[in-house]
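Next come the chains, spelled out residue by residue.
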Amino acid sequence: MKTVVFRSLGQLVAFAMFIGLVGALAPGPAYRHLDAGLATIKLSLRHAGAPIAPCRERTAEELAQLAPNMRQSTVCPRERSPLVLELALDDRVVFDATLLPRGIHRDGRASVYQRLSVPAGDIDVKVRLKDDARIEGYQYQRTQRVKLAPADVLVIDFDAERGDFVFDGGSLPPRTMGHPAGGAE
Amino acid sequence: MLSALAAGLHRVEGLFDRAFEARFNPWYQLGALGFFFFWVATVSGVYLFIFFDTAIVGAFESVERITHEQWYLGGVMRSLHRYASGAMVVTVTLHLIREFVLGRFRGVRWFSWLSGVPLLWLLFAAGIGGYWLVWDRLAQFIAVATSEWIDWLPMFGDTLARNFLTDRSVSDRLFSLLVYLHIAIPLFLLIGMFIHVKRMKLARTTPARRLLYGTLAALVVLSIVRPAVSAGPADLSTTVAIVELDWLYLNTYPLLDSLGAGEVWGLLVSITTLLAVVPWLFPGEQSIEAAPAVVNPANCNGCGWCFKDCPYEAITMTPHSYKPELRQAVVDPDLCTACGICEGSCPSATPFRNVAELVSGIEMPAFPLDRLRLETERALAASNVPVVFVFGCERAFAVTGIESTDVRCLSLPCIGMLPPSFADYVARQDRVAGVLVTGCPPADCYFRKGSEWTEQRFKGDRMPHLRTLAGKSKVRVLWAAAHEGEVLERVLRTMRTAREDAA
Ligand code: HEM
Ligand code: SF4
Ligand code: SF4
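Residues numbered from 1 in each chain as written. Chains lettered and ligands numbered in written order. Predicted model: local features only at pLDDT ≥ 70, side-chain atom pairs only at ≥ 80, totals over all residues. Heavy atoms only, no water.

Q: Summarise the coordination of the iron atom of ligand 1; cite the residues concerned and give the values.
A: Residue and element names in this part refer to chain B. In this structure, H95 (NE2) and H196 (NE2) serve as the protein donors to the iron atom of ligand 1, at separations of 2.0 Å. Given six donor atoms and angles of 85 to 179 degrees at the metal, the environment of the iron atom of ligand 1 is assigned as octahedral. Of the two residues, H95 sits in helix 4 (residues 71-101) while H196 sits in helix 7 (residues 172-197), which places them 101 residues apart along the sequence. For H196, a relative accessible area of 13% puts it in the buried group. (Donors = N, O, S within 2.8 Å, 3.2 Å for Na, K, Ca; no water. Tetrahedral: all angles 85-135°; square planar, octahedral: opposite > 155°, others 65-115°. Helix = DSSP H or I, 4+ residues; strand = E, 2+ residues; numbered from the N terminus. Buried < 20%, exposed > 50% of the residue type's maximum accessible area, 1.4 Å probe, protein only.)

Q: Lay out the sheet that holds strand 10 (residues 153-159) of chain A with the relevant residues and their values.
A: Residues and elements named next belong to chain A. Read from one edge to the other, the open sheet built from four strands follows the order 7-2-10-11, with strand pairing classed as mixed. In this open sheet, the two strands that pair with only one neighbour each are strand 7 (110-119) and strand 11 (164-168). The average angle at which neighbouring strand axes cross in this sheet is 15 degrees, direction not considered. Two elements, strand 2 (residues 38-47) and strand 7, share 10 bridges in a ladder whose sense is antiparallel. Its bridge partner lying in strand 7, A39 is registered against V118. (Pairing = 2+ DSSP bridges. Axes fitted to C-alpha atoms, helices over the stretch in contact; angles between N-to-C directions.)

Q: Can you explain the domain arrangement of chain B? Please cite residues and give values.
A: Residue and element names in this part refer to chain B. Along its sequence, chain B is carved into domain 1 (2-281) and domain 2 (288-502). In this structure, domain 1 and domain 2 have C-alpha centres spaced 43 Å apart. At the interface, 20 residues of domain 1 touch 24 residues of domain 2. Carbon and sulfur atoms supply 49% of the area buried between domain 1 and domain 2, which totals about 1,700 Å² over both sides. Counting the surface domain 1 buries against domain 2, the share from its top three residues, V108, R109 and K201, is 38%. Linking domain 1 to domain 2 there are two salt bridges. Salt-bridge contacts for D444 lead to R98; the nearest nitrogen and oxygen are separated by 2.7 Å. Viewed at the interface, domain 2 and domain 1 are joined by 10 residue pairs in polar contact (both at pLDDT 80 or more). When residues of the side of domain 1 that touches domain 2 are assigned to their parent elements, the largest contribution, four residues, is made by helix 1 (residues 2-20). (Domains from an automatic or database assignment. Contact = heavy atoms within 4.5 Å. Buried area = accessible area lost by both parts, 1.4 Å probe. Salt bridge = Lys/Arg side-chain N within 4 Å of Asp/Glu carboxyl O. Polar contact = N/O pair within 3.5 Å; in protein donor to acceptor, adjacent residues only side chain to side chain.)

Q: An account of the site of ligand 2 is needed here, citing residue identities and associated values.
A: If you check the shell around ligand 2, you find A293(B), C310(B), P311(B), A314(B), I315(B), C336(B), T337(B), A338(B), C339(B), G340(B), C342(B) and M364(B) and nothing else. Of the residues assigned to the shell around ligand 2, the class counts are 10 nonpolar, two polar and no charged. (Near = heavy atom within 4 Å. Nonpolar A, V, L, I, M, F, W, Y, C, P; charged D, E, K, R; others polar.)

Q: If you had to explain the sheet that holds strand 8 (residues 121-130) of chain A to someone new, which residues and values would you point to?
A: Residue and element names in this part refer to chain A. Spatially, 6-5-8-9 is the arrangement adopted by the four strands of the open sheet, whose pairing is antiparallel. Each edge of the sheet is formed by a strand with only one pairing partner; in this case those strands are strand 6 (92-99) and strand 9 (140-148). Between one strand axis and the next, the sheet turns through 15 degrees on average, direction left out of account. Taken together, the six bridges between strand 5 (residues 83-89) and strand 8 define a ladder with antiparallel strand orientation. Residue pairing across strands places L85 opposite L129, the latter belonging to strand 8.

Q: Before we move on, could you go through the packing of aromatic side chains and cite the residues and values that matter?
A: Residues and elements named next belong to chain B. Enumeration over the complete set of coordinates arrives at 29 aromatic pairs over all chains. Plain terms: the ring middles of Y47 and F51 are 5.1 Å apart, the flat faces sit at 50 degrees to each other, and that makes the pair tilted. Of this pair, Y47 and F51 are both found in helix 2 (residues 30-51), four residues apart, which corresponds to roughly one turn of the helix. A residue is classified by how much of its surface remains accessible, and Y47, at 17% relative accessible area, is buried. (Phe/Tyr/Trp six-rings, centres within 6.5 Å; stacked < 30°, edge-to-face > 60°.)

Q: Just give me the short version of unusual backbone geometry, but keep the residues and values in it.
A: Cis geometry is found at the peptide bond from A26(A) to P27(A), where omega equals 0 degrees. Mapped onto the elements of the fold, P27(A) is located in the loop between helix 1 (2-25) and strand 1 (30-32). Following M463(B), the chain continues to P464(B) via a peptide bond in cis, the omega torsion being -10 degrees. Considering the arrangement of structural elements, one finds P464(B) in the loop between helix 16 (450-459) and strand 9 (475-477). For A151(A), which is not glycine, the phi dihedral falls at a positive 75 degrees. By the element assignment, A151(A) lies in the loop between strand 9 and strand 10. One non-glycine residue, E325(B), adopts positive backbone phi at about 75 degrees. Within the secondary structure layout, E325(B) lies in the loop between strand 3 (315-319) and strand 4 (327-331).

Below, the structure is given as structure tokens:
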């Protein structure tokens, strides 16, 4: 009798320990991924830059070397311009990179994904992009003041069709200073 | 180092032996428990899937309904699904540690070890994927972190993380893919589990009944006391700043923040590689002890007993090499663990045969039958008073430690190597008061089946039977693990007293 009680107790303890362990770990203690008072900015875009160089006319010798049915007089490079992307927060540059097009011929789109943790609050965001190696300076730029509450996410993307940056998230005042194209500085 | 760890492990197991009896001791069936938890997760998962909305907009709500509107069934099923999966991580981890500590990865067992390693990846992938489907705040955390983590790999670029920029960018197609993966990955896990145990005869894939019911009851209790719930709907417009993690499955995620994606990949690949090469890192002593069994066709009549008994499916039966109409055993050396269990099963393995050199149908090069008889006789001859004779096993309680003038011992690589006729051979001698046969408890035989088959042979349930003119009461079978010496000595004392009473 005594051993039966002893055994049952022992088994009870063993089972309790087991479910205690599983129950305590799934889910277990909270994990802090983002410190209090911080917000998130995700700078992410995917875009094909302009051709890396202007099209040019073939010389007569070049044309002569080609098969007759291939004799097109203008050649345009397949390779795309690398993107130059810069993000400044409150006039401090926090991201500045040259993004290479994908593909062995560098004829694909270039892309970036950057997640930044920044102090929450009002922030002056300035982002600019150069996507054409043939022209000096940045072609696209947007400057905007955003208000980010703690843990807010601001997504900065680029819409190639509209030729403009897209801001999403936080509380954005009505659009102010976005301007596509041409803005060489 | 391993032997110190093994001693510690045996201590803990000893405690469980006392509470559960060896037959129900969970430590001896961790792999089987892994299978059991897999089935619990499968059954509960199928139930959840019936009510689950596989579209991204409906997923969260559907899980909420399952959890709260039918808490008594759906809610319990959800909790069982989560906790059985968690329990699987616990038991598989312990299983890995145990097989390592006990050195059960050496020699041809490398296959069992190596085939276990990919199961870890599949197990974790299955669990992480499951949390993703709930599409709550935890799922969101996992989605963003995992996609950033995978995107670190050059072939992915930034392709995955861009799916989780805003709530609008999450596509139904991607979500359906995740649902599909959560079915496919466990399926691969199951296939992997079967490959893992394929080389073992009668692998234990179901826990002993009482342990099974107890474990299931414990999981149900946990599910009712602490139901699994979601963490609020996903909302990609804010970052998940603080979240309750499942530390069994999601323990790598904090490392992603502190170390970085590339480093975590490096860490996981290193750990996996290290695990994969364990059998070659710790080869153990390569001695003749590990030489595979050898068949002597002249003494093999093709009965197939060894074929039935080999715990590693290393023996096949083929037509006899020169006796027409007969079959013959053949050993695949790449599968043979050198346990010797076949030597104990062969009908021609009897010490009574009157030949100069005893040769049996199947033998271990390190411990052929002739040596077995020689050492038995030597152990007997070393004393001229009445004795109790003990046949023991090197992996179990060390019987040589209790040897004295009236207790003679012979320790074998596995007790399954002992042909029952040897017990008869010894028991017949007048000077022998009793024969004690011992080894690892059947639930945890180092070579899986040695003790179980021995018990059956001595009981008369498996060939070859124990037949003895000395009376079966003179022969006792008693199991004692390395740490269970007292039990053995107690029985030895009674056998000695019985002898004195008789005298
Ligand atoms: C899903 C995970 C796993 C399950 C369900 C599982 C299950 C099992 C089962 C049922 C057995 C047979 C036990 C017997 O009948 O003697 C076994 C044996 C074994 N397992 Fe696993 N296992 C898993 C993962 C692993 C891992 C990760 C490792 C190590 C890396 C491992 C190493 C071994 C070894 C070495 C054996 C052979 C034991 C022997 O030869 O006696 N297993 N496993
Ligand atoms: S020693 Fe015999 S029983 Fe053991 S694995 Fe080898 S062939 Fe099988
Ligand atoms: S047990 Fe002996 S006789 Fe029978 S098949 Fe095996 S080796 Fe041959």
